[in-house]
Amino acid sequence: MGENLVPFWEKSYQEYDAITFSNKPNSTITEFEHLINNPSKVLDVGCGEGQNAIYLAKQGHHVDAFDLSEHGIAKLKHICELSNAQVNAFVADLTTYQFVHRYDMITCFGTLHFVAKNEWKRFINNAKEYTNIGGIHIIQIFTDTVPASEDIAPFAIGLAKDEEIKELYADWEILQFKSYVFEDEHPNVPKHLHASNKIVARKII
């Protein structure tokens, strides 16, 4: 990967009047958040601008959120200041992240495929260990069912095989699994397709 390659989101993270992905929480979070107590301890992995972290914090949860992007975390903190949301946001790399706390919910959307497959599998196994009994994971990862779009191809080094993520949760209760292809677009990026798997799973033992 060339040193001069910079993903599109790094530019839009620096534009505080732009929305890179969404300013609303992922619909799967709102669908399943009733399964955790309020307040609960939540970790948002690869949080970006923080639409999910901020939403969960406003619901009364104690939210830790990290991202590799310094610009993303700076923008998240800026949005928190404007909205009076309390999020413990920090810069971290999921390939070296060391868990300190146990969580009731761990979320990760559109992030894992940007690290090598052995790295995201190791991270998920660690995350499972640091999840409380009854805790929920909501994980979304791109797959190789369709080729990576031009905007992310240089960075998407860990695309999953379809349904591969399910194998890591064979010992949990799978509440929902979806395999789908969707059309997407971002600021200054043409419409394109992504193949995705999304899983919601609960730790039962």
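See the structure shown above.
In this text the structure is predicted, and so the values were computed from the model without any measurement.

1. So, the environment of A116
Next up, step 1: Within the secondary structure layout, A116 lies in the loop between strand 4 (103–109) and helix 5 (117–129).
Next up, step 2: Overall, the relative accessible area of 27% leaves A116 in the partly exposed class.
Next up, step 3: For the pair A116 and A156, spaced 40 residues apart in sequence, the C-alpha separation works out to 8.5 Å.
Next up, step 4: The contacts of A116, once residues within four sequence positions are left out, are I157 and G158.

2. Here we look at the pattern of salt bridges
Next up, step 1: The final tally for this structure, using the stated rule, is 9 salt bridges.
Next up, step 2: One salt bridge in this structure joins E49 and K75, with 2.5 Å as the shortest N-O distance. With E49 in the loop between strand 1 (41–45) and helix 3 (51–58) and K75 in helix 4 (residues 70–83), the pair connects residues that are 26 residues apart, well separated along the chain.
Next up, step 3: Here E119 makes a salt bridge to R122, at a shortest N to O gap of 3.4 Å. Pair noted here: E119 and R122 are both in helix 5, with a separation of 3 residues, about one helical turn.

3. Remarks on unusual backbone geometry
Next up, step 1: Omega for the peptide link from N38 to P39 comes to 5 degrees, which places this bond in the cis form.
Next up, step 2: Position of P39 relative to the elements: it lies in the loop between helix 2 (27–32) and strand 1.
Next up, step 3: With phi around 60 degrees, N84 is a residue other than glycine that occupies positive phi space.
Next up, step 4: Among the structural elements, N84 can be located in the loop between helix 4 and strand 3 (87–91).
Next up, step 5: A positive phi angle, close to 70 degrees, is found at E163, a residue other than glycine.
Next up, step 6: Along the polypeptide, E163 turns up in the loop between strand 5 (131–142) and helix 6 (164–167).
Next up, step 7: We classify E163 as partly exposed; its relative accessible area is 39%.

4. Things to note about the layout of surface pockets
Next up, step 1: Of the pockets and cavities examined, the largest pocket occupies roughly 1100 Å³.
Next up, step 2: Along the walls of the largest pocket sit 47 residues, with F21, F109, G110, T111 and F114 positioned nearest its centre.
Next up, step 3: Contributing elements (two or more residues each) for the lining of the largest pocket: helix 1 (8–13), strand 1, helix 3, strand 2 (62–67), strand 5, strand 6 (173–186) and strand 7 (189–202).
Next up, step 4: Sorting elements by how many residues they give to the lining of the largest pocket places strand 6 first, with 5 residues.
Next up, step 5: Of the residues contributing to the lining of the largest pocket, the split by class is 23 nonpolar, 14 polar and 10 charged.
Next up, step 6: Lining the second largest pocket we find 15 residues, and of these S22, N23, Q51, I54 and I79 sit closest to its centre.

5. Looking at the nonpolar core
Next up, step 1: Grouped together as the largest cluster of nonpolar side chains are 25 residues, with contacts concentrated most on L112, W120, F123, I165 and Y169.
Next up, step 2: Looking at this core, the elements with two or more residues in it are strand 1, strand 4, helix 5, strand 5 and strand 7.
Next up, step 3: In terms of residues, this core owes the most to one element, helix 5, which gives 4 residues.
Next up, step 4: Other than its neighbours up to four places away in sequence, W120 contacts L112, V115, I141, G158, A160, E164, I165 and L168.
Next up, step 5: Counting residues in each nonpolar core, the second largest holds 23 residues, with V42, A53, A65 and V200 among its members.

6. Quick look at helix 5
At 3.6 residues per turn, the α-helix brings residues three or four places apart onto the same side.
Next up, step 1: Across its 13 residues, helix 5 extends 19 Å between first and last C-alpha, which sits within 8% of the 18 Å expected from 1.5 Å per residue.
Next up, step 2: Regarding helix 5, the residues found buried are W120, F123, I124, A127 and K128. Projected down its long axis, helix 5 carries its buried residues within an arc of 135 degrees, all on one side.
Next up, step 3: Buried residues along helix 5 sit against strand 1, strand 2, strand 4, strand 5 and helix 6.

7. Quick notes on empty space enclosed by the protein
Next up, step 1: Overall, the coordinates contain 1 cavity of 30 Å³ or more when judged by the stated rule.
Next up, step 2: Its boundaries defined by the atoms lining it, the largest cavity holds a volume of some 40 Å³.
Next up, step 3: In terms of lining, the largest cavity is formed by F142, T143, V146, P147, A148, S149, I152, L159, L193, H194 and A195.
Next up, step 4: Among the elements that take part in the lining of the largest cavity, strand 7 stands out by supplying 3 residues, more than any other.

Reading the values: the criteria
- Residues numbered from 1 in each chain as written.
- Predicted model: local features only at pLDDT ≥ 70, side-chain atom pairs only at ≥ 80, totals over all residues.
- Heavy atoms only, no water.
- Helix = DSSP H or I, 4+ residues; strand = E, 2+ residues; numbered from the N terminus.
- Buried < 20%, exposed > 50% of the residue type's maximum accessible area, 1.4 Å probe, protein only.
- Contact = heavy atoms within 4.5 Å.
- Salt bridge = Lys/Arg side-chain N within 4 Å of Asp/Glu carboxyl O.
- 1 Å grid on protein atoms, 1.4 Å probe; cavity = no way out; pocket = protein on both sides within 12 Å on 5 of 7 lines; lining within 4 Å.
- Points joined across faces, edges and corners; volume = space filled by probe spheres on them.
- Nonpolar A, V, L, I, M, F, W, Y, C, P; charged D, E, K, R; others polar.
- Core = buried A, V, L, I, M, F, W, Y, C linked by side-chain atoms within 4.5 Å.
- Expected span 1.5 Å × (residues − 1).
- Arc of directions from axis to C-beta.

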